[in-house]
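An overview of the molecular structure
So you can see what is in the structure, the chains are spelled out below.
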Amino acid sequence: MKGLVILLSAVSLLFAQPPPGPPPHPVSLSELRRRLEAARPVDLSASRALEYSRHYLALAEQAHNGGRLPESDRYAAAANALFHVADHQQHLHNGPGPRQPRPAELQDHLRRVYFRTQQANFFVRAARDRSAAPLAPWAREFYQLALRAYDRHDYFAADENAKCAEEIVNALENIAQAANLPPLPPA
């Protein structure tokens, strides 16, 4: 039991402390809104990603209007990550470009994505957001698509689907961070 308490304390510190290095550049809400208005989904997955992106952009705008800027930044980052899922679907629709991922690089990427998808359920629980719950299984579905494409030697599709899984987990992490920001010190 004591080990669990220590683990939970360490995880809560992870959310409470900014990542090392410079803070992430906040996503411009107006730029993201413009990109979402211009986006034309190429398939059902892209459409779903754009719907989620719009939802989290709306939460970012609400938090921004309420003066909760760190929360707004995390929701905007989540909306941006989900927007990128639609981008990757566009890449799949357009077909491979001139640079194909190498199998060895892709294996390493798939390993990293596997571990990220294992974190998805934790982020959903930490987010306490019912609308985020379907994102964890969706990330795992993209990971499975990536594995099947890799087995077929379709390294382009494997890479794009792995990127979709990764973006969804990134979104979940940002949603969880938005829900667990430490209180601001008094001015």
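One can find the structure itself at the top, above this paragraph.
Residues numbered from 1 in each chain as written. Predicted model: local features only at pLDDT ≥ 70, side-chain atom pairs only at ≥ 80, totals over all residues. Heavy atoms only, no water.

**Digging into the overall build of the protein**
Filter applied, for reference: Helix numbers and strand numbers start at the N terminus; a helix is a DSSP run of H or I with at least 4 residues, a strand a run of E with at least 2. The classification of residues rests on relative accessible area computed with a 1.4 Å probe and restricted to protein chains. Under 20% of the type maximum is buried, over 50% is exposed, and intermediate values are partly exposed. Contacts: residue pairs with any heavy atoms within 4.5 Å of one another.
Secondary structure summary: the protein contains 7 helices and 0 strands in total. Evaluated residue by residue, the protein yields a buried proportion of 40% over its 187 residues. A separation threshold of at least 6 residues defines the contact pool for the protein, and within that pool the share at least 24 residues apart is 80%.

**Quick look at unusual backbone geometry**
Phi is positive for Arg128, which is not a glycine, with a value near 50 degrees. Its location among the elements puts Arg128 in the loop between helix H5 (103-127) and helix H6 (135-151). Judged by its relative accessible area of 59%, Arg128 is exposed. Here His153, not a glycine, exhibits a phi torsion of approximately 65 degrees, which is positive. On the secondary structure map, His153 appears in the loop between H6 and helix H7 (155-179). Judged by its relative accessible area of 57%, His153 falls in the exposed class.

**Concerning helix H2 (residues 29-38)**
Inclusion rule: Directions are taken from the helix axis to each C-beta atom, and the arc is the one they span.
Those residues of H2 that sit buried are Leu29, Leu32 and Leu36. Projection of H2 onto a plane perpendicular to its axis shows the buried side chains occupying an angular sector of 65 degrees, all on one side. Exposed positions of H2 whose direction lies more than 90 degrees from the buried face are Ser30, Glu37 and Ala38. Structurally, H2 contributes buried residues whose contacts are with helix H3 (44-65) and helix H4 (69-94).

**Thoughts on the side chain of Asp159**
Looking at the element boundaries, Asp159 is found in helix H7. Note on Asp159: relative accessible area 12%, which makes it buried. Not counting the four nearest positions on each side in its chain, Asp159 is found in contact with Pro101, Leu106 and His109.

**Things to note about H6**
For clarity, the cut-off: Expected helix span is taken as 1.5 Å per residue step, with the number of steps being one fewer than the number of residues.
Here H6 is 17 residues long and its end C-alpha atoms lie 25 Å apart, about the 24 Å a rise of 1.5 Å per residue gives. Within H6 the residues assigned to the buried category are Leu135, Ala136, Trp138, Ala139, Phe142, Tyr143, Ala146, Ala149 and Tyr150. Taken around the axis of H6, the buried residues stretch over an arc of 165 degrees, which confines them to a single face. Looking at the buried side of H6, the elements it contacts are H3, H4, H5 and H7.

**Section: the pattern of salt bridges**
The test is simple: Salt bridges are defined as contacts in which a side-chain nitrogen from Lys or Arg sits within 4 Å of a carboxyl oxygen from Asp or Glu.
Enumeration over the complete set of coordinates arrives at 9 salt bridges. Here Glu71 ties to Arg68 by a salt bridge, and the two come within 2.9 Å at their closest N and O atoms. Given the relative accessible area of 38%, Arg68 is considered partly exposed. As a salt-bridge pair, Lys163 and Asp159 come within 3.1 Å of each other at their nearest N and O atoms. Residue Lys163 and its partner Asp159 are located together in helix H7, separated by 4 residues, close to a single helical turn. Each member of the salt-bridge network shares a partner with another, and the members are Asp159, Glu160 and Lys163.

**So, the nonpolar core**
Test applied: What makes a nonpolar core is a set of buried Ala, Val, Leu, Ile, Met, Phe, Trp, Tyr and Cys residues whose side-chain atoms join them at distances within 4.5 Å.
In terms of nonpolar packing, the biggest core is built from 51 residues, with Tyr56, Leu135, Trp138, Ile168, Leu172 and Ile175 touching the most fellow members. At the level of elements, H2, H3, H4, H5, H6 and H7 are the ones that each hand at least two residues to this core. Considering each element in turn, this core owes the most residues, 13 residues, to H7. If we skip the residues at most four places from it in the chain, Leu135 touches Tyr52, Leu82, Ile168, Leu172 and Ile175.

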